[in-house]
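Spelled out from the first residue to the last, the chains are:
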Amino acid sequence: MIEKNYKKVFVNVTADMRPDGVIRPLYFRWTDGNKYEIEKVRKIERAASLKVGGCGLRYTVMVEGKERYFFLEDGKWFVEAEVRS
């Protein structure tokens, strides 16, 4: 089995802050400059990233029909990106 390596990648996120304090991410910009819509937020929970370290709020979201995790830690957004060899 091939072991995958991951790195923490900080991304720009456009989000909506509702009056009740809930933050809903709407779009993010990848490191290459491409902008992607976050189609749906499925879950928000306190969690740690076991792949790259760090903790905060973990957003389980749908992007281009695929489930992804976004983390909001100390006011910054990051994702666990697979390192390609």
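Residues numbered from 1 in each chain as written. Predicted model: local features only at pLDDT ≥ 70, side-chain atom pairs only at ≥ 80, totals over all residues. Heavy atoms only, no water.

**Q** Even after reading the chapter, I still don't get the overall build of the chain, so can you show me in this structure?
**A** Secondary structure assignment for the chain yields zero helices and eight strands. Scanning the chain from its N terminus toward the C terminus, one meets helices and strands in the order β-β-β-β-β-β-β-β. Scaling as 2.2 N^0.38, a compact globule of 85 residues should have a C-alpha radius of gyration of about 12 Å, and the chain matches this with 13 Å. Overall, the C-alpha framework of the chain stretches about 45 × 25 × 20 Å when taken along its three principal axes. Relative to its 85 residues, the chain shows a buried fraction of 28%. When contacts within the chain are restricted to residue pairs at least 6 apart in sequence, long-range pairs at least 24 apart make up 37% of them. If you sum the accessible surface of the chain, you get close to 6,100 Å²; carbon and sulfur atoms cover 46% of it. (Helix = DSSP H or I, 4+ residues; strand = E, 2+ residues; numbered from the N terminus. Rg over C-alpha atoms; globule rule 2.2 N^0.38 Å. Buried < 20%, exposed > 50% of the residue type's maximum accessible area, 1.4 Å probe, protein only. Contact = heavy atoms within 4.5 Å. Areas by Shrake-Rupley, 256 points an atom, 1.4 Å probe, with all protein chains shown as cover.)

**Q** Help me out: how do you make sense of the side chain of T60 in this one?
**A** Tracing the backbone shows T60 in strand β6 (residues 55-63). When neighbours within four sequence positions are excluded, T60 is seen to be in contact with K40, V41, R42, K43, E45, E67, R68 and Y69.

**Q** Please explain the side chain of E73 as it appears in this structure.
**A** Along the chain, E73 turns up in strand β7 (residues 66-73). For E73, the side chain forms a polar contact with the side chain of K8, separated by 3.4 Å. A distance of 3.0 Å separates a polar atom in the side chain of E73 from the backbone nitrogen of C55. Once you skip the residues sitting within four places of it in the chain, E73 turns out to touch K8, G54, C55 and F78. (Polar contact = N/O pair within 3.5 Å; in protein donor to acceptor, adjacent residues only side chain to side chain.)

**Q** Any chance you could explain the pairing of strand β3 (residues 23-29) here in plain terms?
**A** Relative to β3, strand β2 (residues 12-17) runs antiparallel, the two sharing six bridges. Directly across from D16, in β3, lies its bridge partner R24. Between β2 and β3, which pair antiparallel one after the other, the connecting turn spans five residues, and G21 there sits at a positive phi close to 95°. Summarising the sheet, β3 and strand β4 (residues 35-37) pair through three bridges and their orientation is antiparallel. By the bridge assignment for β4, Y27 is matched with E37. In this antiparallel pair of consecutive strands, β3 and β4, the connection spans five residues, and G33 shows a positive phi of 95°. (Pairing = 2+ DSSP bridges.)

**Q** Hey, could you run me through the packing of aromatic side chains in this one?
**A** How two aromatic rings sit relative to each other is set out by the distance from centre to centre and by the angle between their planes. As enumerated under the stated definition, the model contains five aromatic pairs in all. Ring centres of F10 and F78 lie 6.0 Å apart, and the angle between their planes is 65°; on these two criteria the pair is classed as edge-to-face. Of this pair, F10 sits in strand β1 (residues 6-10) while F78 sits in strand β8 (residues 76-82), placing them 68 residues apart in sequence. When its relative accessible area of 42% is taken as the criterion, F10 is described as partly exposed. F78 sits in the buried class, given a relative accessible area of 0%. R58 extends its terminal NZ or CZ atom over the ring of Y69, reaching a point 4.4 Å from the ring centre. (Phe/Tyr/Trp six-rings, centres within 6.5 Å; stacked < 30°, edge-to-face > 60°. Lys NZ or Arg CZ within 6 Å of the ring centre and 35° of its normal.)

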